[in-house]
Amino acid sequence: MDPTTTTFILLSLLLYGSTTGFSRVFSSESCPFPAIFNFGASNSDTGGFAAAFFQPKPPYGDTFFGMPSGRACDGRLIVDFTAESLDLPFLSSYLNSLATNFSHGANFATVSSTIRLPTADVIPQGQASPFYLSLQCSQFAQFKNRSQIIRRQGGIYASLMPREETFAKALYTFDIGQNDLTQSLFLNMTIVQVIAAIPDIVNHFLDNIKNLYSLGARLFWVYNTRPIGCFPQILTSFPSAKKDSVGCAKPYNRLAQRFNAELKNALARLRIEFPLATIVYVDLYSALYSLYTHPTKNGNKIPKDAILLLFYFNLKFLCANQYDRHKFFFF
Ligand SMILES: *[C@@H]1O[C@H](CO)[C@@H](O)[C@H](O)[C@H]1NC(C)=O
Ligand SMILES: *[C@@H]1O[C@H](CO)[C@@H](O)[C@H](O)[C@H]1NC(C)=O
Ligand SMILES: *[C@@H]1O[C@H](CO)[C@@H](O)[C@H](O)[C@H]1NC(C)=O
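Cut-offs and rules
Residues numbered from 1 in each chain as written. Chains lettered and ligands numbered in written order. Predicted model: local features only at pLDDT ≥ 70, side-chain atom pairs only at ≥ 80, totals over all residues. Heavy atoms only, no water. Near = heavy atom within 4 Å. Polar contact = N/O pair within 3.5 Å; in protein donor to acceptor, adjacent residues only side chain to side chain. Areas by Shrake-Rupley, 256 points an atom, 1.4 Å probe, with all protein chains shown as cover. pLDDT = per-residue confidence, 0-100. Contact = heavy atoms within 4.5 Å. Pairing = 2+ DSSP bridges. Helix = DSSP H or I, 4+ residues; strand = E, 2+ residues; numbered from the N terminus. Axes fitted to C-alpha atoms, helices over the stretch in contact; angles between N-to-C directions. Disulfide = S-S within 2.5 Å. Core = buried A, V, L, I, M, F, W, Y, C linked by side-chain atoms within 4.5 Å. Buried < 20%, exposed > 50% of the residue type's maximum accessible area, 1.4 Å probe, protein only. Left-handed = near helix turned anticlockwise from the far one by under 90°. Nonpolar A, V, L, I, M, F, W, Y, C, P; charged D, E, K, R; others polar. Salt bridge = Lys/Arg side-chain N within 4 Å of Asp/Glu carboxyl O. Phe/Tyr/Trp six-rings, centres within 6.5 Å; stacked < 30°, edge-to-face > 60°.

Q: If you had to explain the site of ligand 2 to someone new, which residues and values would you point to?
A: In the vicinity of ligand 2, the contacting residues are A141, Q142 and N145. Note that an oxygen atom of ligand 2 is positioned 2.3 Å from one of the side-chain N or O atoms of N145. When ligand 2 is considered free in solution it has 360 Å² of accessible area, and contact with the protein chains removes 27% of it.

Quick look at the structure:
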């Protein structure tokens, strides 16, 4: 896969997007991935936070699952659409101890996770997840070893675990970094201070990718960070920030852009270091930002007061299905 092309296609599909569109990107004929291993935060948590801490309450789960589904979302997440379009089942969370089936992958994401060790207080005292990226990766390392021990033991549990050859062929997806920026801002760090931390955040990200590579991962699919300056929580917390033509807080979006630029450069360096790896940088920022600049083109109406409703447990751009028929979010 050519990374630039893939990014472009994904972007176009998000813009005009439907689930059919997603299937074209991840067509199971051209991309026979046997499994997905996902690392991230609320944007891609399919039950980790719910298993470890508290189950999200309705209307989470409302539009698709009909009940809270362990997602900070009322429908499916991008990672769910990805799994569907690869003809794979939804990913079980690694932390979920009930009725889990890991034969086609596992999800290590939890709501509120960061790349770096969180500096904000962790749950239940605070809001940060203790399962930051390095922990998610060491959980993966354990998972890889223990799942194979269980497979060798045979019986029913063996069928719930991936085959050994799955690990090298699987798609490794990442949607993390947003909370490293926002949690620092809510700890009253200035934008300049957060910008100064970006190289260290990105380095920690790279260390984890390298670690996964050494464990056999080869296909990396990395989402960049979202336009945080459009997030209701940012807009309400920093009301005096300069706005752009669509009402997003400019300096906060520039912060996200800065993170994304450094992430993109770092991944380019990694491609040179690991020629056997496929590393795709996915420009989710641009896709989501275009929902603001061209709301009607994308079939969305975003009433001004929607922002207040969107101010719901940091739940702004979590769901892939908010691009169409998303009743709770007006989209
Ligand atoms: C686990 O999921 C796989 C793939 O969907 C399925 O083939 C297998 O039967 C499942 N195992 C159990 C015990 O449900
Ligand atoms: C996995 O197994 C390898 C080989 O036995 C061992 O070196 C490594 O420490 C194990 N990793 C974990 C996380 O258990
Ligand atoms: C951040 O600053 C605000 C306003 O000065 C203050 O109310 C809040 O307690 C501060 N938060 C932290 C985590 O220091």
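Still to come is the rest of the account.
Q: Let's hear about the confidence of the model for the protein chain: which residues, and what values?
A: Overall, the prediction assigns the protein chain a mean pLDDT of 83, with 79% of residues at 70 or greater. pLDDT under 50 marks residues 1-28. Its contacts with residues more than four places away, or in other chains, come to 52 contacts. Here residues 302-331 is modelled with pLDDT under 50, and outside its nearest four sequence neighbours on either side it reaches 82 contacts, counting other chains as well.

Q: Which residues make up the sheet that holds strand 5 (residues 278-282), and what values do they have?
A: Sheet architecture is open: 5 strands sit in the order 2-1-3-4-5, paired in parallel fashion. Across the chains shown, the open sheet's two edge strands, defined by having one partner strand only, are strand 2 (105-107) and strand 5. Shown here is a sheet whose adjacent strand axes are inclined to one another by a mean of 15 degrees, direction ignored. The pairing of strand 1 (residues 36-40) with strand 2 spans 3 bridges and is classified as parallel. By the bridge assignment for strand 2, F37 is matched with A106. Packing of helix 8 (residues 191-214) onto the sheet brings it into contact with strand 1, strand 3 (171-175) and strand 4 (219-223), and relative to strand 4 it is tilted by some 160 degrees.

Q: Talk me through the state of the cysteines; I want residue IDs and the actual numbers.
A: A complete count under the given rule lists 1 disulfide for this structure. Paired through a disulfide, C230 and C248 show a sulfur-sulfur distance of 2.2 Å. The S-S bond linking C230 to C248 shows a torsion near 105 degrees; that makes this disulfide right-handed. With C230 in the loop between strand 4 and helix 9 (232-237) and C248 in the loop between helix 9 and helix 10 (250-273), the pair connects residues that are 18 residues apart, well separated along the chain.

Q: Break down the nonpolar core for me, citing the residues and quoting the values.
A: Of all hydrophobic cores here, the largest spans 58 residues; its most connected members are F37, F39, Y172, F205 and F220. For this core, the leading source of residues is helix 8, giving 11 residues. Setting aside its immediate chain neighbours within four residues, F39 contacts S44, F108, A109, L133, Q136, C137, F140, Y172, T173, F174, D175 and L212. Listed in part, the 19 residues of the second largest apolar core include L91, V282, L284 and L288.

Q: Describe in detail the pairing of strand 1, supporting the description with residues and values.
A: Most of strand 1 is tucked away: 5 of the 5 residues are buried. What you see with strand 1 is no split at all: I36, N38 and G40 on one side and F37 and F39 on the other are buried throughout. Taken together, the 5 bridges between strand 1 and strand 3 define a ladder with parallel strand orientation. Residue I36 lies in a different strand from strand 3, and its bridge partner there is L171.

Q: Any details on the packing of helix 7 (residues 178-186) against helix 8? Residues and values, ideally.
A: Here helix 7 crosses helix 8 at 145 degrees, and the two axes come no closer than 10 Å. Judged by the twist between their axes, the crossing of helix 7 over helix 8 is right-handed. Across from D180, L181, S184 and L185 in helix 7, the residues of helix 8 making contact are I191, V194, I198 and I201. Looking at the contact of helix 7 with helix 8, its residues break down into 6 nonpolar, 1 polar and 1 charged.

Q: An account of the pattern of salt bridges is requested, with residue identities and associated values reported.
A: As a working rule, side chains carrying opposite charge can pair if their charged atoms are close by. Within the structure shown, the criterion is met by 6 salt bridges. Residue D175 is joined to R226 by a salt bridge in which the shortest nitrogen-to-oxygen separation is 2.8 Å. Residue D175 is found in strand 3, and its partner R226 is found in the loop between strand 4 and helix 9; the two are separated by 51 residues along the sequence. You'll find D175 and R226 in the same group, each marked buried.

Q: Requested: an account of helix 4 (residues 78-85), with residues and values cited.
A: Here helix 4 lies mainly inside the structure; 7 of its 8 residues are buried. Turning to helix 4, its buried residues are I78, V79, D80, F81, T82, A83 and S85. Positive phi appears at D87, one or two residues downstream of helix 4, with a value of about 60 degrees.

Q: Which residues make up the side chain of T166, and what values do they have?
A: Within the secondary structure, T166 sits in helix 6 (residues 166-169). When sequence neighbours within four positions are dropped, the list of residues in contact with T166 reads P34 and A35.

Q: So what about the packing of aromatic side chains? Which residues, and what values?
A: Going through the model one piece at a time under the given rule, you end up with 30 aromatic pairs. Pairing F39 with F140 gives two aromatic rings, centres 6.1 Å apart and planes at 70 degrees, and the pair type is edge-to-face. Taken together, the residues span a long stretch of sequence, with F39 in strand 1 and F140 in helix 5 (residues 133-153) at a distance of 101 residues. A centroid spacing of 5.9 Å and a plane angle of 70 degrees characterise the contact between F140 and F167, whose relative ring orientation is edge-to-face.

Q: Before we move on, could you go through the environment of A51 and cite the residues and values that matter?
A: Tracing the sequence through the fold places A51 in helix 3 (residues 48-52). On the accessibility criterion, A51 (37% relative accessible area) is partly exposed. In this structure the C-alpha to C-alpha distance between A51 and S97, which are 46 residues apart in sequence, comes to 7.5 Å.

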